[in-house]
Amino acid sequence: MTRTIPATGTPAVRWADFAASAPDLAGAAEARFATHQHHVLATLRKDGSPRTSGLEVRFLDGELWLGMMPDSVKALDLLRDPRFALQANPGEGTGMGGGDVRIGGRAHEVTDAAVKGRFTEEVVVPEGPFHLFRAELTEVVRTRVEDDTYLVVEAWRPGEPVRTVKRT
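Cut-offs used in this document
Residues numbered from 1 in each chain as written. Predicted model: local features only at pLDDT ≥ 70, side-chain atom pairs only at ≥ 80, totals over all residues. Heavy atoms only, no water. Salt bridge = Lys/Arg side-chain N within 4 Å of Asp/Glu carboxyl O. Helix = DSSP H or I, 4+ residues; strand = E, 2+ residues; numbered from the N terminus. Buried < 20%, exposed > 50% of the residue type's maximum accessible area, 1.4 Å probe, protein only. Contact = heavy atoms within 4.5 Å. Polar contact = N/O pair within 3.5 Å; in protein donor to acceptor, adjacent residues only side chain to side chain. Phe/Tyr/Trp six-rings, centres within 6.5 Å; stacked < 30°, edge-to-face > 60°. Core = buried A, V, L, I, M, F, W, Y, C linked by side-chain atoms within 4.5 Å. Expected span 1.5 Å × (residues − 1). Arc of directions from axis to C-beta. Pairing = 2+ DSSP bridges.

Q: What should I look at first to understand the pattern of salt bridges in this one?
A: Close approach of charged atoms allows side chains of opposite charge to pair. Summed over all chains, the structure comprises 12 salt bridges. Notably, a salt bridge pairs Arg157 with Glu139, separated by 2.7 Å at the nearest N-O pair. With a gap of 18 residues between them, Arg157 in the loop between strand E10 (150-156) and strand E11 (163-167) and Glu139 in strand E9 (residues 131-146) connect regions that are remote in the sequence. Its relative accessible area of 27% is what places Glu139 among the partly exposed residues. A salt bridge links Glu146 to Arg144; the shortest N-O distance between them is 3.2 Å. Bridged by salt links that share partners, the residues Arg142, Arg144, Glu146, Glu154 and Lys166 form one connected network.

In structure tokens form, the structure reads like this:
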């Protein structure tokens, strides 16, 4: 289900809705994130400048989850302004097998104890409090090289089909 972000008018959806509308791109994105444990999250500081931080992500129950230590600066950034960009770890060297995947959206903190309990049943979480955010997607982009000849960019936004551009 698509919902519109009030402040911007930008549509945003759950991971499951994205996967239903663009299953090949969603599968490639999940596979890319599964290749490495740590990825890069960009948030916005109080002054609006970007901040990048390391992060682990999980795809569970049709959602993209972002878990963080209590009162970490990235969590405080998201509590203040939920907009984020997430980039899959490119790995060693420049091969980037599976391509480069970036996700944009808004993160919503989940405080419901039952939901957090289900999350901790599936994911190893250190004992004690933690922040859990559910991502709503506004964009997914995958960039890859095809046949050692073409740069292929696949871009998806809610309510639109995947747009593919090939460049030599």
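Resuming the write-up.
Q: What exactly am I supposed to notice about the environment of Leu44 here?
A: Its place among the elements puts Leu44 in strand E3 (residues 39-44). Separated by 40 residues in the primary sequence, Leu44 and Phe84 have C-alpha atoms spaced 7.5 Å apart. Those residues in contact with Leu44 that lie beyond four places of it in its chain are Ser49, Pro50, Asp77, Arg80, Asp81 and Arg83.

Q: Mind showing me how you'd approach the side chain of Asp77 here?
A: Here Asp77 shows up in helix H3 (residues 73-80). Asp77 has contacts with Thr43, Leu44, Arg45 and Arg51, leaving out every residue within four places of it along the chain.

Q: Explain the side chain of Thr43 here, please?
A: Within the secondary structure, Thr43 sits in strand E3. A polar contact is formed between the side chain of Thr43 and the side chain of Asp77, at a distance of 2.6 Å. Once residues lying within four places of it in the same chain are set aside, the contact partners of Thr43 are Ser49, Pro50, Arg51, Lys74, Asp77, Leu78 and Arg83.

Q: Could you clarify how one ought to interpret the packing of aromatic side chains in this entry?
A: The description of an aromatic ring pair rests on the distance of the ring centres and on the angle between the ring planes. Under the counting rule described, the total for this entry stands at six aromatic pairs. Here Trp15 and Phe18 contribute two aromatic rings whose centre-to-centre distance is 4.8 Å and whose plane-to-plane angle is 70 degrees, an arrangement assigned as edge-to-face. In this pair, Trp15 and Phe18 both sit in helix H1 (residues 15-21), three residues apart, roughly one turn of the helix. By the burial criterion, Trp15 is buried, and Phe18 matches it. Consider the rings of Trp15 and Phe59, whose centres lie 4.6 Å apart with planes at 55 degrees: the pair is tilted.

Q: Explain the nonpolar core to me, please; I cannot follow it from the model alone.
A: Generally speaking, soluble globular proteins have nonpolar side chains that are buried together. By size, the foremost hydrophobic cluster in this structure holds 27 residues, and its most contacted members are Phe18, Leu86, Ile103 and Leu137. Other than its neighbours up to four places away in sequence, Ile103 contacts Trp15, Phe33, Leu64, Phe84, Ala85, Leu86, Leu137, Glu139 and Val140. Core analysis: the next-biggest nonpolar cluster, separate from the first, contains eight residues, Trp65, Val110, Phe119 and Phe130 among them.

Q: I would appreciate a short explanation of helix H2 (residues 23-35) in the present structure.
A: Residues separated by three or four positions in an α-helix point in the same direction, a consequence of the helix having 3.6 residues per turn. Taking 1.5 Å per residue, 13 residues should reach 18 Å; H2 reaches 18 Å between its end C-alpha atoms and fits that length. Among all positions of H2, only Leu25, Ala26, Ala28, Ala29, Arg32 and Phe33 are buried. One side of H2 holds all its buried residues, which, seen down the axis, span an arc of 165 degrees. Counted as exposed and oriented over 90 degrees from the buried face of H2: Pro23, Asp24 and Ala34.

Q: What am I meant to see in the pairing of strand E5 (residues 57-60) here?
A: Strand residues, when the strand is regular, have side chains that alternate between the two faces of the sheet. Looking at chain direction, E5 and strand E6 (residues 63-68) are connected through four bridges and run antiparallel. The residue bridging Arg58 from the neighbouring strand is Trp65, located in E6. Linking two consecutive strands that pair antiparallel, namely E5 and E6, is a turn of two residues; a positive phi of about 55 degrees is found at Asp61 within it.

Functional significance is not addressed by these values, which are geometric in nature.
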